[in-house]
Amino acid sequence: EGCEDIPLTARLALIAGTSACHMASSHTAVFVPGVWGPYASAMVPGFFLNEGGQSAAGSGLEYIIQTHAGYPALLAAAQ
């Protein structure tokens, strides 16, 4: 099942690579110390965007991949 019925303002997006960015939307401007934004209509028209990040998130992403149940089979197939 998807998250189509969950309001956009109740979701948190994690964009991950060598760094990570956490993105959240709201109907009103929310000012949080240490968090970037709010930016009006930056991601979704009519919503405010707040974002925060981590500059070295590659290790976390590697952990998620390597502990996934399908990782051993995919690793074997790749070799």
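Everything discussed here concerns the structure shown above.
Remember, predicted model here, so these are calculated numbers, not experimental data.

Draft legend 1. Here's a closer look at the side chain of Glu51. Looking at the secondary structure, you find Glu51 in strand β4 (residues 48-54). Despite its burial, Glu51 pairs with no opposite charge, the nearest such side chain being Arg11 at 18 Å. If we ignore the near neighbours within four places in the chain, the residues touching Glu51 are Cys21, His22, Met23, Val35, Trp36 and Tyr39.

Draft legend 2. Representation of the sheet that holds β4 in the model. If you walk across this open sheet you meet the four strands as β1-β2-β4-β3, and the pairing is antiparallel. The sheet is open, and its two borders are formed by β1 (13-16) and β3 (36-40), each paired with just one other strand. Between one strand axis and the next, the sheet turns by 25 degrees as a mean value, whatever way the strands run. Bridge analysis of β3 against β4 gives three bridges, and the strand direction is antiparallel. Paired with Tyr39 across the strands is Leu49, a residue of β4.

Rules and cut-offs
Residues numbered from 1 in each chain as written. Predicted model: local features only at pLDDT ≥ 70, side-chain atom pairs only at ≥ 80, totals over all residues. Heavy atoms only, no water. Helix = DSSP H or I, 4+ residues; strand = E, 2+ residues; numbered from the N terminus. Buried < 20%, exposed > 50% of the residue type's maximum accessible area, 1.4 Å probe, protein only. Lys, Arg positive; Asp, Glu negative; His and termini not counted. Salt bridge = Lys/Arg side-chain N within 4 Å of Asp/Glu carboxyl O. Contact = heavy atoms within 4.5 Å. Pairing = 2+ DSSP bridges. Axes fitted to C-alpha atoms, helices over the stretch in contact; angles between N-to-C directions.

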